[in-house]
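Per-entry structural report
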Protein chains: 2
Amino acid sequence: MPDDNKYYISYNNIHKLCQKTAKEIMARNERPDIIIGISGGGLIPARIIRSFLKKKGEKNIPIQAIGLSLYENLGLDSQVDTIGKSVVRTQWLDFGALEEHFDSLIGKRILIIDEVDDTRTTLHYAVSELQKEVEDQQRKLNRLNEITNLSVFVLHNKDKPKKANLPEEMMNSHHYIAAETVPDKWLIYPWDAEDIEEHTQMAIQQGHN
Amino acid sequence: MPDDNKYYISYNNIHKLCQKTAKEIMARNERPDIIIGISGGGLIPARIIRSFLKKKGEKNIPIQAIGLSLYENLGLDSQVDTIGKSVVRTQWLDFGALEEHFDSLIGKRILIIDEVDDTRTTLHYAVSELQKEVEDQQRKLNRLNEITNLSVFVLHNKDKPKKANLPEEMMNSHHYIAAETVPDKWLIYPWDAEDIEEHTQMAIQQGHN
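Residues numbered from 1 in each chain as written. Chains lettered and ligands numbered in written order. Predicted model: local features only at pLDDT ≥ 70, side-chain atom pairs only at ≥ 80, totals over all residues. Heavy atoms only, no water.

A few words now on the overall build of chain A. Scanning chain A from N- to C-terminus turns up 6 helices and 8 strands. The secondary structure elements of chain A, listed N-terminal to C-terminal, are β-α-β-α-β-β-α-β-α-β-α-β-β-α. Counting every position in chain A, which comprises 209 residues, the buried fraction comes to 56%. Relative to all contacts within chain A whose residues are 6 or more apart in sequence, the contacts with residues 24 or more apart total 79%. (Helix = DSSP H or I, 4+ residues; strand = E, 2+ residues; numbered from the N terminus. Buried < 20%, exposed > 50% of the residue type's maximum accessible area, 1.4 Å probe, protein only. Contact = heavy atoms within 4.5 Å.)

All names here are of chain A. The final tally for this structure, using the stated rule, is 30 salt bridges over all chains. For R109, the salt bridge goes to E30, with nearest N and O atoms at 3.9 Å. Of this pair, R109 sits in strand 5 (residues 109–117) while E30 sits in the loop between helix 1 (11–27) and strand 2 (34–39); the two residues are 79 residues apart in sequence, bridging distant segments of the chain. Notably, a salt bridge pairs K160 with D118, separated by 2.6 Å at the nearest N-O pair. Highlighted residues: K160 in the loop between strand 6 (149–158) and helix 5 (168–171) and D118 in the loop between strand 5 and helix 4 (121–141), separated in sequence by 42 residues. For D118, a relative accessible area of 27% corresponds to the partly exposed category. Salt bridges sharing partners connect three or more residues here, namely D118, K158, K160 and D184. (Salt bridge = Lys/Arg side-chain N within 4 Å of Asp/Glu carboxyl O.)

What follows deals with the packing of aromatic side chains. Two aromatic rings are characterised by how far apart their centres lie and by the angle between their planes. By the definition in use, this model includes 3 aromatic pairs over all chains. Ring geometry for Y11 of chain A and Y11 of chain B: centres 5.5 Å apart, planes at 10 degrees, overall stacked. One end of the pair, Y11 of chain A, is in helix 1; the other, Y11 of chain B, is in helix 1 (residues 11–27), on a second chain. You can call Y11 of chain A buried: its relative accessible area is 2%. On the basis of an interplanar angle of 5 degrees and a centroid distance of 5.0 Å, the ring pair of Y189 of chain A and W191 of chain A is categorised as stacked. Here the guanidinium or amino end of R89 of chain A rests over the ring plane of W92 of chain A, the centre of that ring lying 3.7 Å away. (Phe/Tyr/Trp six-rings, centres within 6.5 Å; stacked < 30°, edge-to-face > 60°. Lys NZ or Arg CZ within 6 Å of the ring centre and 35° of its normal.)

This next bit is on the relation of the copies chain B and chain A. By a simple turn and slide, chain B fits onto chain A: the slide is 0.0 Å along the axis, the RMSD is 0.0 Å, and the turn is 180 degrees. Such a combination of rotation and displacement between the chain copies is what one expects of a two-fold axis. Among all C-alpha atoms of chain B, that of I44 of chain B lies closest to the rotation axis, at 2.6 Å. In this assembly, 100% of the residues forming the interface of chain B have copies in chain A that are likewise at the interface, indicating an isologous arrangement. (Least-squares fit on C-alpha atoms with pLDDT ≥ 70 in both.)

Within a sheet, adjacent strands bond to each other through the backbone by hydrogen bonds, running parallel or antiparallel. Residue and element names in this part refer to chain B. The 6 strands lie next to each other as 4-3-2-5-6-7, forming an open sheet whose pairing is mixed. Taken across any chain shown, the strands that pair with only one partner, and hence form the sheet edges, are strand 4 (87–91) and strand 7 (176–182). Going from strand to strand, the sheet's axes swing by 20 degrees on average, the running direction of each strand aside. Of the pairings in the sheet, the one linking strand 2 (residues 34–39) to strand 3 (residues 63–70) comprises 5 bridges and is parallel in character. Each residue of the ladder has a partner; that of G37, found in strand 3, is A65. Relative to strand 6 (residues 149–158), helix 1 is tilted by about 145 degrees, and along the sheet it contacts strand 5 (109–117), strand 6 and strand 7. (Pairing = 2+ DSSP bridges. Axes fitted to C-alpha atoms, helices over the stretch in contact; angles between N-to-C directions.)

Next up on the list: the interface of chain B and chain A. Listed as interface residues are 42 residues of chain B and, on the opposing side, 42 residues of chain A. With both sides pooled, the region where chain B packs onto chain A buries about 3600 Å², and carbon together with sulfur makes up 51% of that total. The three residues of chain B that bury the most area against chain A are Y11, R47 and Q91 of chain B, which together make up 16% of that side's buried surface. The interface formed by chain B and chain A contains 4 salt bridges. (Buried area = accessible area lost by both parts, 1.4 Å probe.)

Now for the nonpolar core. The biggest cluster of nonpolar side chains holds 64 residues, and the ones touching the most others in it are I48, I49 and F153 of chain A together with I48, I49 and F153 of chain B. For I49 of chain B, the residues in contact, after removing those within four places along its chain, are C18, T21, A22, I25, I35, I113 and F153 of chain B. (Core = buried A, V, L, I, M, F, W, Y, C linked by side-chain atoms within 4.5 Å.)

On to the packing of helix 1 of chain B against helix 2 (residues 43–52) of chain B. All names here are of chain B. Running from N to C, helix 1 and helix 2 point in directions that differ by 50 degrees, and their axes come no closer than 8 Å. Overall, the two elements helix 1 and helix 2 adopt an arrangement that is oblique. As helix 1 runs across helix 2, the sense of the crossing is right-handed. For the pair formed by helix 1 and helix 2, the contact residues are I14, H15, C18, Q19, T21, A22, I25 and M26 on the first element and P45, I48, I49 and F52 on the second. Its residues placed into classes, the contact of helix 1 with helix 2 shows 9 nonpolar, 3 polar and no charged. (Parallel < 35°, antiparallel > 145°, perpendicular 65-115°, else oblique. Left-handed = near helix turned anticlockwise from the far one by under 90°. Nonpolar A, V, L, I, M, F, W, Y, C, P; charged D, E, K, R; others polar.)

Here we take up unusual backbone geometry. All names here are of chain A. Note that the residue after S39, namely G40, is joined by a cis bond; omega there is -10 degrees. Tracing the chain through its elements places G40 in the loop between strand 2 and helix 2 (43–52). Backbone geometry places N142, a non-glycine residue, at a positive phi of 50 degrees.

Another aspect to go through is the side chain of S10 of chain B. All names here are of chain B. Looking at the element boundaries, S10 is found in the loop between strand 1 (6–8) and helix 1. By relative accessible area, which is 1% here, S10 ends up buried. Setting aside chain neighbours within four positions, we find S10 in contact with P190, H199, T200, A203, H208 and N209.

All names here are of chain A. The strand order across the open sheet formed by 6 strands is 4-3-2-5-6-7, and the pairing between neighbours is mixed. Two strands bound the open sheet, and with one partner strand each, they are strand 4 (87–91) and strand 7 (176–182). On average, adjacent strands in this sheet sit at an angle of 20 degrees to one another, irrespective of strand direction. For strand 5 and strand 6, the ladder comprises 8 bridges, and the chain directions are parallel. Within strand 6, the position partnered with V116 by the bridge is H156.

If you want it as structure tokens, here you go:
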């Protein structure tokens with residue numbers, strides 16, 4: 001029997017959470033122009049949800065990966081206690097490569113994806129840095145009047161006190177999407193499973209498959 | 001019963017292919033210093049294999065995503081018939097963000113990941129552009145004597161004539177890794193499945209689960 005302190009999540013369950021979320025987004029006519037996956041955890045949901053946000057005959061939505069790691073998870077010797085300094089960028093957006101086909105983030109609908117909203121620190125960093133990025137581009141290109149829409153999608157939001165916030169207008173709208181809100185347990189994602197068959201059985205037994 | 005012209009692949013199967021490949025890489029003492037996932041198809045295997053290339057107590061291997069699309073798949077109106085121009089970059093490496101913790105690709109062991117080796121065009125582009133990138137960095141930093149190791153990992157290599165090549169020394173060594181070589185059928189990856197339960201059953205019936 002699965003350990004009750006652990007919450008086992010199967011690949012098929014993640015697939016269904018992405019599919020369900022995509023349907024809701026499409027029903028609201030809020031299909032994103034660009035998906036930003038936070039690496040590593042956001043890469044898998046980002047790729048999956050893209051399939052279901054595609055309209056027939058239209059191009060795939062471009063995915064940009066950004067690499068963000070909590071300082072503590074990088075095993076770096078540091079005494080960091082401010083939110084602004086607790087996240088390390090390991091990769092950032094690359095507009096150069098998109099230039100020809102995608103001019104900038106200004107005026108776009110942007111969907112930022114991670115697997116879990118734990119302390120909210122990483123999402124806070126991603127959203128505020130992307131907001132700054134858009135504002136910088138707006139000033140540079142003198143396009144101050146255009147509205148850019150940032151949304152966040154996570155598979156799981158842990159029901160716990162958060163160390164950082166997201167903008168209120170995001171939290172009070174459909175622009176913060178957690179496919180599931182879960183208790184503050186140890187979430188076991190399938191990509192870390194040593195025995196994926198056993199892991200899948202645990203997830204089925206716990207009813208989240 | 002599944003359509004015989006289609007080859008259904010489950011998430012759990014992909015997980016096992018990544019796990020098997022990681023074990024082989026570790027057994028050869030060829031753990032990469034950096035993983036480069038080709039977006040979109042390479043993102044999922046890149047994230048999965050990272051779990052199994054991790055040594056206890058060591059840091060996660062950094063993943064960089066590069067976005068490469070075949071011109072024809074972008075739906076762009078074009079008449080491109082040279083290999084060099086048939087691939088569009090939608091994202092490239094971002095060394096700026098890694099600077100502090102990772103100086104360059106020079107002398108590193110680099111694992112490039114995609115889901116499928118179909119015509120080999122995308123892999124050819126990725127490998128030759130990354131080689132150029134390394135040579136540029138070597139000249140710039142005057143570090144011409146260091147050896148950089150590029151390897152390629154794909155889940156599936158389609159057994160068919162290829163439109164482009166990879167370096168011979170890569171093909172004649174363990175530096176080209178296809179977890180499976182498969183007939184030239186339509187590969188159905190799970191992230192495109194409308195009904196993931198049915199899809200998984202098809203994969204099980206076809207014996208690749």
